[in-house]
Amino acid sequence: MTTWRMPAEWDRHERTWMAWPSAGYTLGDTENEADEARRTWSQVALAVARFEPVTVVVDPGATDVARTWLADGLDGATAHPVSLLEAPLDDAWMRDIGPSFVVGDDGSLGAVDWVFNGWGAQSWATWAKDAAIAETVAAAAAARIVGSPMVNEGGGFHVDGRGTALVTRTVQLDPGRNPQMDEAGVEEELARTIGVRTCVWLPRGLTRDYGELGTRGHVDIVACFTPTGRVLLHWQEDESHPDHAVCREIEAVLTDAADADGNPFEIVRLPAPHATHDDERASDDERARYDAVKGSAVNPVLREGNSDRRAPRSVKNFARKHPHSMGEWSADSRTRVATMGEDDFASHEKSVVIKGDDTLTIQLVDDSGQTTVLKDGITVLDGEVVDATFLDVKAL
């Protein structure tokens, strides 16, 4: 019987899988909003294609539109190819609807096919098509399907590749997902399918994630592992924000926890964006999600006014295994897609220079021309030294 293990996100892999937005709320209410979504998806795909192949699953009705936006990758203008795979889609969140790739102790490639039911059968979601995507992707990747009766999504757990998983009680134990399961049952299924030996149960996710269009507590916007066992934790300093208390509750749990080998976690607070509210309510914008690609990482970074001066700290975090990397910023009206690789770069709105020798030096030039130098694992912002440990890229 094959024993399966899910590698960490930073482990080497062959390609990145995405799903193309073709219907529903992802495209917004106007054609301008739809184009903004398509631009963002295409920027991510083309950024990743600088470092590894990308396959984009696209609904047959959106193929022509996708070809237009992804033309550079499809026509060979990127270092690695972008290819399209047609399959019916309800939505565009491959991390949640796709399979979780695993490796067997016999060297085989597996793909865990979780049950997907629209993030707990939520009233706004449709999922009949998306529920079949994991099988479609597994077949295209020539992976052996590892079936599971558990409702789960890729954003609902995070692994360190060595047997530890971060989960939240409001996802795997959600009555809308797995009413028949308790903690022991979830842990047994995660052990069987992805090789988890220790589950760290966080009490919940960020506040906004429990509203309309939320996932009811995905951990991927709360915390993530680094290769050395550190945990990067979303951190809200504003006492008026409901996540101020949430972050501290989660930090207390992590402080008392240990990984699968019994090692305590070193927790690194990942500062929340400056903007705490949008037009509707308290924001859950965060910096914890990323796509680790070959020698690089793609990290969506929110634009806050004309300058988000804390953004390079989160981007730089993903240089943990590549301290000699360079990076690039590309921007649209709402988000920046940050990529890190081994090429020199130019930026649209600010310059971030990452150089590696025996030490690390980062120079940030913001829109006003003010320069901030980050050196030797220490950052100076507004004349104050902050997050010195966080900026130790080599240690991360």
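Quick caveat, the model's predicted, so the values are computed rather than measured. (Residues numbered from 1 in each chain as written. Predicted model: local features only at pLDDT ≥ 70, side-chain atom pairs only at ≥ 80, totals over all residues. Heavy atoms only, no water.)

A closer look at the overall build of the protein
What the protein contains, in helices and strands, is 10 helices and 22 strands. In the protein, which comprises 396 residues, the proportion classed as buried is 53%. In the protein, once contacts between residues fewer than 6 apart in sequence are set aside, the share between residues at least 24 apart is 69%. Summed over all atoms, the accessible surface of the protein reaches about 16,700 Å², with 49% contributed by carbon and sulfur. (Helix = DSSP H or I, 4+ residues; strand = E, 2+ residues; numbered from the N terminus. Buried < 20%, exposed > 50% of the residue type's maximum accessible area, 1.4 Å probe, protein only. Contact = heavy atoms within 4.5 Å. Areas by Shrake-Rupley, 256 points an atom, 1.4 Å probe, with all protein chains shown as cover.)

Regarding the sheet that holds strand β2 (residues 16-19)
By way of backbone hydrogen bonds, the strands of a sheet pair with one another, either parallel or antiparallel. Taken together, 3 strands build an open sheet; the order of strands is β2-β3-β4 and the sheet is parallel. With partners counted over all chains shown, the strands left at the sheet margins are β2 and β4 (82-86), one partner each. Across the sheet, the mean angle separating the axes of adjacent strands is 25° when strand polarity is ignored. Sheet analysis places strand β3 (residues 54-58) next to β4, joined by 5 bridges and oriented parallel. Paired with threonine 55 across the bridge in β4 is serine 83. (Pairing = 2+ DSSP bridges. Axes fitted to C-alpha atoms, helices over the stretch in contact; angles between N-to-C directions.)

Brief notes about the sheet that holds strand β13 (residues 266-271)
A sheet is described by the order of its strands in space; here 3 strands give the open sequence β11-β12-β13, paired in mixed fashion. The sheet is open, and its two edges are formed by β11 (223-225) and β13, each paired on a single side. Mean inter-strand twist for the sheet, computed between neighbouring axes without regard to direction, equals 25°. Of the strand pairs in this sheet, strand β12 (residues 230-235) and β13 are connected by 6 bridges, and their pairing is parallel. In the sheet register, valine 231 faces β13, and the bridge partner there is isoleucine 267.

Let's talk about the pattern of salt bridges
Under the counting rule described, the total for this entry stands at 14 salt bridges. The partner of aspartate 174 in a salt bridge is arginine 177, with the nearest N and O atoms 3.0 Å apart. We note a salt bridge from aspartate 174 to arginine 216, for which the minimum N-O separation is 3.0 Å. With aspartate 174 in the loop between α7 (169-172) and α8 (183-194) and arginine 216 in the loop between β10 (198-202) and β11, the pair connects residues that are 42 residues apart, well separated along the chain. Among the residues examined, aspartate 174 registers a relative accessible area of 8% and is labelled buried. Put simply, Glu153, Asp174, Arg177 and Arg216 are held in one network by salt bridges that share partners. (Salt bridge = Lys/Arg side-chain N within 4 Å of Asp/Glu carboxyl O.)

So, the pairing of β2
Of the two faces of β2, the one holding Thr16 and Met18 and the one holding Trp17 and Ala19 are both buried throughout. With 4 bridges joining them, β2 and β3 adopt parallel strand pairing. For alanine 19, the partnering residue across the bridge sits in β3 and is valine 57. Following the chain from β2 across helix α1 (residues 31-48) to the adjacent parallel β3, one finds a crossover that is right-handed. (Right-handed = clockwise from strand over helix to strand, strands pointing away.)

So, the side chain of aspartate 96
Tracing the backbone shows aspartate 96 in helix α4 (residues 94-97). Summary of buried charges: aspartate 96 has no salt-bridge partner, and the nearest side chain of opposite charge, arginine 95, is 5.2 Å away. Excluding its chain neighbours within four sequence positions, the residues that come into contact with aspartate 96 are Phe116, Trp119, Asn152, Glu153, Gly154, Gly155 and His218. (Lys, Arg positive; Asp, Glu negative; His and termini not counted.)

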